[in-house]
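Survey of secondary and tertiary structure
If you want the building blocks of each chain, they are given just below.
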Amino acid sequence: MPKMLWGRAVWTHSKMKNVKCAPSLCVSAFLAMFAITVCAQSPVKPWPIRAVVIVPSEAGKDTGDTPGEYQFWVEREHLDEVLEFPGGPNLPEGQHALRTNEDHTILGLLSGASLANATASTMLLGLDPRFDLSHAYILINGAAGVDPSWGSIGSAAWARYVLSDVAREIDAREIPMEWPYGWMPIWAREPNQRNPSAPRQGDLSDLYPLNEKLANWAYQQTRETNLGDDTELKAFRAEYVGFPNAQRPPFVALGDTFASDVFWHGRIMTQFAEDWVHLWTDGKGVFAMADMEDAGFMTAIERLGRMHRVDPQRVMVLRAASNYSMQPPGHDAVQSLTRSYTNGRMAAETAWRCGSIVLHRILADWPNTYERIPEGAPIGERTEYTAAKPDAVGKIRELWFEYARGRTREFLFVLVVFVVGLLLGIALNRRISRMPRANRSKAAQVEA
């Protein structure tokens, strides 16, 4: 065969062979592209989180320095893996919002302090596609101010109710004299006024009921826990004469939380918080702890619950006392508010010690606690409550001033007549006193 024809034959054979291979190559390329697309579009299976620990703040870094509210959880629960949380709170360097343990069953969240941070951080976590929180137990804990009528510094409260401070307020210098304080419900005309309709007012809600049976169970697991004590704290407690619970060594009990972005302090505001909790819970709750986040956490959890992202019935709120909410008897409220407190470590220890007991018992029995939420027997213990009483003397003064304001001319006329009569009486008395004794006798006889 001539060389040219042989070359042409080889080229033709090769071309026909390539044509025969083209369909298989196309199929292979299509399958490869399909596999890549499916892998890219298939969501990564979220981690089935069993417990979430939410803490508002930390004094410094998460590990290695003076421990705050978060560090004990990070170090003692081995939350060593740091996870990116781009939409989390703007925290100082070294504070990481999300941490997890080796098997990705426990998740730690540092939310940031205040109602806004608590709400935003919790909502963001609940919507994060990396985590399945549908069966996770959520433990909210941190430091708080304790009502000395309820407990002492270092004590721990398991809450059945979380309260918010959506309210009307009048400055104390302008309130009616018989009012005990200037705060009142958003729909009320005076403090501590009950609403004849349902207590919840849509977005103006102040009441967040928790799973009481779960709270009772958590309390029963920790009620005998030894929380420790120290001599400095004991001396400080002794100042609260007349408050037996404030003088007790740290203990665990059931008590409810009142959340506000206002760091209020003092006897009058503590009375307001007691009245507020009693009012909104129809006498079922008792004010124990003042904080700045719990209502924000619960607002987000309620909404996430409606989306089936979390289970609100698996939420526990545990607060540990780092300071008292009012001054000791005989002391000034401003001085009490601004004095330095060194009780943060004890509150952090209490929060971890009580919270970890409950957390470990839930995780140790996970096949059961996954399906069924633990329940505790009803607890009948309650702190004695006395509502603020109207000031009767202040009411009389207020009525008199109202009368005077409404009848200015009459009031001024009576005042002028009274002053003129008083001055004339004084002048006449002086004139008589200057007269000789005989003349005064005659004057007295003439008057007789």
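Residues numbered from 1 in each chain as written. Predicted model: local features only at pLDDT ≥ 70, side-chain atom pairs only at ≥ 80, totals over all residues. Heavy atoms only, no water.

Attention shifts here to the overall build of the protein. Helix and strand counts for the protein stand at 13 helices and 16 strands. Residues counted as buried form 43% of the 448 residues belonging to the protein. When the accessible area of the protein is evaluated, it comes to approximately 24900 Å², of which 58% is carbon and sulfur surface. (Helix = DSSP H or I, 4+ residues; strand = E, 2+ residues; numbered from the N terminus. Buried < 20%, exposed > 50% of the residue type's maximum accessible area, 1.4 Å probe, protein only. Areas by Shrake-Rupley, 256 points an atom, 1.4 Å probe, with all protein chains shown as cover.)

Where helix α3 (residues 115–126) contacts helix α7 (residues 294–306), the two axes come as close as 7 Å, and the packing angle between them is 30 degrees. As judged from the angle between their axes, α3 and α7 are roughly parallel. Handedness of the crossing formed by α3 with α7: right-handed. Contacts from L115, A118, T119, T122, M123 and G126 in α3 reach A295, G296, F297, T299, A300, I301, R303 and L304 in α7. Here the residues of the contact of α3 with α7 are counted per class, giving eight nonpolar, five polar and one charged. (Axes fitted to C-alpha atoms, helices over the stretch in contact; angles between N-to-C directions. Parallel < 35°, antiparallel > 145°, perpendicular 65-115°, else oblique. Left-handed = near helix turned anticlockwise from the far one by under 90°. Contact = heavy atoms within 4.5 Å. Nonpolar A, V, L, I, M, F, W, Y, C, P; charged D, E, K, R; others polar.)

The element strand β5 (residues 106–110) is extensively covered by neighbouring structure, given that five of its five residues are classed as buried. Residues I106, G108 and L110 line one face of β5 and the alternating positions L107 and L109 line the opposite face, and both faces are buried. As defined by bridge partners, strand β4 (residues 98–100) adjoins β5 across three bridges and the pair is classed as antiparallel. Bridge pairing in β5 links L98 to L109. (Pairing = 2+ DSSP bridges.)

Tallied over the full model, the rule gives 13 salt bridges. One salt bridge in this structure joins R99 and D62, with 3.0 Å as the shortest N-O distance. On the criterion of sequence distance, the pair formed by R99 in strand β4 and D62 in the loop between β2 (51–55) and α2 (71–76) is long-range, its members being 37 residues apart. The pair R99 / D62 is uniform in exposure class, with both members buried. With a closest N to O distance of 2.8 Å, R173 and D171 form a salt bridge. By relative accessible area, which is 33% here, D171 ends up partly exposed. Connected via shared salt-bridge partners are R76, R345, E349 and R353. (Salt bridge = Lys/Arg side-chain N within 4 Å of Asp/Glu carboxyl O.)

Function-wise, these values are silent; they only describe arrangement.
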